[in-house]
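# Overview (structure and organization)
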Amino acid sequence: ALLLPAVQAARESARRMSCTNNMRQLGLSCHNFVDTRGFIPPSRIASGGFPPLNVPANAYQGWAVWLLPYLEQGNVVSAYNYQLHFGHATNRPAIVTQIKAFNCPTTPRKNRTQPQFTVNGFTVVDAASADYSVIRDVDAGLWAAFPNDVDALQADQVQGTNMGPHSRNTGSSIRIMRWASITDGLSNTILYCEDSGRPDEHVAQGRRTNTVATGSAWADEANEFGFQGCTPPNDTRPGKTAVNCTNDGEPYSFHPAGINVTLGDGSVRFISNNVPIRTFARLVTAQAGEQIEDF
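Fair warning: this is a prediction, and the values are worked out from it, not measured in the lab. (Residues numbered from 1 in each chain as written. Predicted model: local features only at pLDDT ≥ 70, side-chain atom pairs only at ≥ 80, totals over all residues. Heavy atoms only, no water.)

## Points about the overall build of the protein chain
For the protein chain, the count of helices and strands is five helices and 18 strands. A compact globule built from 295 residues would reach a C-alpha radius of gyration of about 19 Å, and the protein chain, at 18 Å, matches this within 12%. A sequence separation of at least 24 residues applies to 67% of the contacts in the protein chain between residues at least 6 apart. Just so you have it, the protein chain exposes about 12200 Å², and 50% of that area is on carbon and sulfur atoms. (Helix = DSSP H or I, 4+ residues; strand = E, 2+ residues; numbered from the N terminus. Rg over C-alpha atoms; globule rule 2.2 N^0.38 Å. Contact = heavy atoms within 4.5 Å. Areas by Shrake-Rupley, 256 points an atom, 1.4 Å probe, with all protein chains shown as cover.)

Here it is, written out as structure tokens:
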């Protein structure tokens, strides 16, 4: 009985280290993509396509598909057609593949898949989930609800100062980001974060609900999310709790006391549950010019 807590702590330490290694691989893969293509990969591709990557209109793609060639996933890449919607039947053998680098070993249920859903006319079945994600921006609703706790980014959204570091497509608007575009500094900007456990929805203290969290599939363009914060225990959004309040499109992990994030310089940092909402929001943005306190 006396040894059990120590054994459990040692096991979690090993799992957290494995998660850290996964997230470091994501960072290295992103850097390799930039070395090859000259810009940061998109967090999503939607209806307008993405001409710099020869992706036509309506071929929706998630962030993770662009890292596959740099994660020793050649067989998955060979089965995936980047010029087709991720939900196209041709891509099914690829998107149902469980990718070890996309899954945190601390997450309770392994080999999770997104329940069947229909998107853009395609029926997607058994798409493999990921425990890591991309935060596209600081949501305007967070600033509107708590203007004294989050920097005033709303007035500057047309310039994109509330946005994260990734390239992106929504409709006909294409945003190209390079390392030099991250004026807040690579070591002060989040590239990837944990959003573990989807599609099983979890809220504070790891409590599982009866709700399905959407966007869990690594190939799904809806895997990314906007940072809102929330208020435990009932996932009220927006809110002033930055991490581990809900995994339904918010930063979340099953590690005690915090989450892992990959920064733009490729390093992985563990961020405490107690991180101020202002500090985390500053880490999300890439071009807002804020000062980052120690985190």
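## Considering the packing of aromatic side chains
Each pair of aromatic rings is reported with the distance of its centres and the angle of its planes. Evaluation of the coordinates by the stated rule reveals 11 aromatic pairs. Note on tryptophan 63 and tyrosine 192: the rings are 5.2 Å apart at their centroids and 40 degrees apart in plane angle, and the pair reads as tilted. Placement of the pair is tryptophan 63 in the loop between β2 (61-62) and α2 (74-79) and tyrosine 192 in strand β11 (residues 190-194), with a sequence separation of 129 residues. Assessed through its relative accessible area of 2%, tryptophan 63 is described here as buried. On the numbers, 5.0 Å between centres and 45 degrees between planes, the contact of phenylalanine 227 with phenylalanine 280 is tilted. Here phenylalanine 280 lies in helix α5 (residues 277-284) and phenylalanine 227 lies in strand β14 (residues 225-227), a separation of 53 residues in the sequence. According to the relative accessible area criterion, phenylalanine 280 is buried, its value standing at 0%. Taken together through their ring pairs, the aromatic side chains of Phe33, Phe39, Phe50, Trp66, Tyr70, Tyr80 and Tyr82 make up a single cluster. When the ring centre of phenylalanine 270 is taken as origin, the NZ or CZ atom of arginine 16, which lies over that ring, is 3.6 Å away. (Phe/Tyr/Trp six-rings, centres within 6.5 Å; stacked < 30°, edge-to-face > 60°. Buried < 20%, exposed > 50% of the residue type's maximum accessible area, 1.4 Å probe, protein only. Lys NZ or Arg CZ within 6 Å of the ring centre and 35° of its normal.)

## Some thoughts on the side chain of asparagine 22
Residue placement: asparagine 22 occurs in helix α1 (residues 3-37). Here the side chain of asparagine 22 touches asparagine 103 through a polar contact of 2.9 Å, landing on its backbone oxygen. Leave out the neighbours within four places in its chain, and asparagine 22 touches Lys100, Ala101, Asn103, Pro105 and Tyr132. (Polar contact = N/O pair within 3.5 Å; in protein donor to acceptor, adjacent residues only side chain to side chain.)

## Some words on the environment of aspartate 35
Tracing the backbone shows aspartate 35 in helix α1. Take aspartate 35: its relative accessible area is 63%, and that puts it in the exposed class.

## Some remarks on the state of the cysteines
Scanning the entire structure with this criterion turns up one disulfide. Between cysteine 230 and cysteine 245 runs a disulfide, and the two sulfur atoms are separated by 2.0 Å. With cysteine 230 in strand β15 (residues 230-231) and cysteine 245 in the loop between β16 (236-241) and β17 (258-263), the pair connects residues that are 15 residues apart, well separated along the chain. Residue cysteine 230 is classed as buried on the basis of its relative accessible area of 1%. With a relative accessible area of 2%, cysteine 245 lands in the buried category. Here cysteine 30 is not disulfide-linked; the sulfur of cysteine 193 is the nearest cysteine sulfur, at 14 Å. (Disulfide = S-S within 2.5 Å.)

## Section: the pairing of β11
Most of β11 is tucked away, with five of its five residues classed as buried. Where strand β7 (residues 132-133) lies against β11, two bridges are found, and the strand directions are antiparallel. Of the residues in β11, the one forming a bridge with serine 133 is cysteine 193. One ladder, built from three bridges, connects β11 with β17; its direction is antiparallel. Considered in β17, the bridge of cysteine 193 is made with valine 261. (Pairing = 2+ DSSP bridges.)

## Some points on α5
Each α-helix turn comprises 3.6 residues. Residues three or four places apart therefore point the same way. In terms of residue burial, α5 counts as a mostly covered element, since seven of its eight residues are buried. Residues of α5 that are buried include every one of Ile277, Thr279, Phe280, Ala281, Arg282, Leu283 and Val284, and no others.

## Digging into the sheet that holds β11
The strand order β7-β11-β17-β18 describes an open sheet built from four strands, whose pairing is antiparallel. Each end of this open sheet is capped by a strand with a single partner; those strands are β7 and β18 (268-272).

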